[in-house]
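Listed below are the residues making up each chain.
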Amino acid sequence: MDAVLFDMFGVIARDQSEEGRTALERAVGAPPKEFWAAYWHPRQAYDRGDTDGAGYWRRVGERLGTEFDERLVRRLIALDLESWRRVDEEMVDYVSSLSGQGVRLGLLSNIPFELADYFGEHHRRVLDLFPVLGLSCRINRAKPEPAAFAWALERLGVPAGRVLFVDDRRSNVDAATALGLQGHRFTSLDALRERVAGH
């Protein structure tokens, strides 16, 4: 293993908070099951940079059979950012230690423009750990699309079989291993340490 390619949310940054999810549900006022189906349906396009926050929330509203006014859209964008904004400091320290050991690092994150801008402003030190920084909205490719992994591999300059891809979503890990990368589904820092130490 010559390089580690990390996912962001659910690995280095914390997954969407329960408080944040509840706040979004309340702001929209739709039944939770219907809301989350509508929330995730256009998310890939949002992450890929095909639309901005206003366009994304318009599409969510359409899926719910309603129309959000501009004020509600601004509120939903802010609440969405709030729900994803936390980082895991222990993971940040671990990634920093890998960098110090000379491991080549990359980040491949499904992230929309507004959230990418937030991290660039408030968590720049996290993003700066990665010489290869693949933010989906800025590279116009999103996992699990093969083109997203191809983009990262080209810039890492390391053969796929020598790259360990770390993600909390099985579908993304499976997509990476199908392309020849090594894969690790993230469940805990301890388990990741063991995996990396075994190479």
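Residues numbered from 1 in each chain as written. Predicted model: local features only at pLDDT ≥ 70, side-chain atom pairs only at ≥ 80, totals over all residues. Heavy atoms only, no water.

Below, the discussion takes up the environment of Gly-198. Here Gly-198 shows up in the segment after α12 (189–197). Look at Gly-198 and you get exposed, because its relative accessible area is 64%. (Helix = DSSP H or I, 4+ residues; strand = E, 2+ residues; numbered from the N terminus. Buried < 20%, exposed > 50% of the residue type's maximum accessible area, 1.4 Å probe, protein only.)

The next thing to look at is the packing of helix α4 (residues 53–63) against helix α5 (residues 70–84). In contact at an axis separation of 10 Å, α4 and α5 are set at 105 degrees when each is read in the N-to-C sense. Overall, the two elements α4 and α5 adopt an arrangement that is roughly perpendicular. For the pair α4 and α5, the contacting residues are Gly-53, Ala-54 and Trp-57 in the first and Val-73, Leu-76, Ile-77 and Asp-80 in the second. Along the lines of polarity and charge, the residues of the contact of α4 with α5 split into five nonpolar, one polar and one charged. (Axes fitted to C-alpha atoms, helices over the stretch in contact; angles between N-to-C directions. Parallel < 35°, antiparallel > 145°, perpendicular 65-115°, else oblique. Contact = heavy atoms within 4.5 Å. Nonpolar A, V, L, I, M, F, W, Y, C, P; charged D, E, K, R; others polar.)

Should the charged atoms of two oppositely charged side chains come close, the side chains can pair. Tallied over the full model, the rule gives 14 salt bridges. We note a salt bridge from Arg-85 to Glu-82, for which the minimum N-O separation is 2.8 Å. Residue Glu-82 is classed as partly exposed on the basis of its relative accessible area, which comes to 42%. A salt bridge links Arg-138 to Asp-117, with the shortest nitrogen-to-oxygen separation between them at 2.6 Å. Within this pair, whereas Arg-138 is found in helix α9 (residues 136–139), its partner Asp-117 is found in helix α7 (residues 113–122), the two being separated by 21 residues in sequence. Asp-117 sits in the partly exposed class, given a relative accessible area of 45%. Residues joined in a network through salt bridges with shared partners are Asp-7, Lys-143 and Asp-167. (Salt bridge = Lys/Arg side-chain N within 4 Å of Asp/Glu carboxyl O.)

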